[in-house]
Amino acid sequence: MSWQKEWAELSPYSLRHTRLSHLLLRDKWEIIRVRDFAGHAHLSTTENYLHLGVLE
């Protein structure tokens, strides 16, 4: 039952981070659109969700 332990360790932050990263990397949303979706006041906050893969 290792999947149960993995699910139990998920936090709201990790789910949010995963979703925003997915929007940036896979759905190719522009960072401004992700910022608005996330409700961030500053672009620098949204930049925290970037992975190195976005820059490559």
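Higher on the page you've got the structure.
Residues numbered from 1 in each chain as written. Predicted model: local features only at pLDDT ≥ 70, side-chain atom pairs only at ≥ 80, totals over all residues. Heavy atoms only, no water.

The next point concerns the overall build of the protein. A tally of regular secondary structure across the protein gives five helices and zero strands. Order of helices (α) and strands (β) in the protein, N terminus to C terminus: α-α-α-α-α. Counting only residues that meet the buried cut, the protein has 20% of its 56 residues in that class. Contacts spanning at least 24 positions in sequence make up 38% of the contacts within the protein whose residues lie at least 6 apart. Of the roughly 4600 Å² that the protein leaves accessible, carbon and sulfur atoms contribute 57%. (Helix = DSSP H or I, 4+ residues; strand = E, 2+ residues; numbered from the N terminus. Buried < 20%, exposed > 50% of the residue type's maximum accessible area, 1.4 Å probe, protein only. Contact = heavy atoms within 4.5 Å. Areas by Shrake-Rupley, 256 points an atom, 1.4 Å probe, with all protein chains shown as cover.)

Quick look at the nonpolar core now. Counting seven residues, the largest nonpolar core consists of Leu-20, Leu-23, Leu-24, Trp-29, Val-34, Ala-38 and Tyr-49. Mapped onto this core, the elements with two or more residues apiece are α2 (12-25) and α3 (31-38). Considering every element that reaches this core, the biggest residue donor is α2, with three residues. Val-34 has contacts with Leu-20, Leu-23, Leu-24, Trp-29 and Thr-46, leaving out every residue within four places of it along the chain. (Core = buried A, V, L, I, M, F, W, Y, C linked by side-chain atoms within 4.5 Å.)

Scanning the entire structure with this criterion turns up two salt bridges. Between Arg-19 and Asp-27 there is a salt bridge, with the nearest N and O atoms lying 4.0 Å from each other. Since its relative accessible area comes to 37%, Asp-27 is described here as partly exposed. Salt-bridge contacts for Arg-35 lead to Asp-36; the nearest nitrogen and oxygen are separated by 3.2 Å. Accessibility expressed as a relative area gives 21% for Arg-35, which makes it partly exposed. (Salt bridge = Lys/Arg side-chain N within 4 Å of Asp/Glu carboxyl O.)

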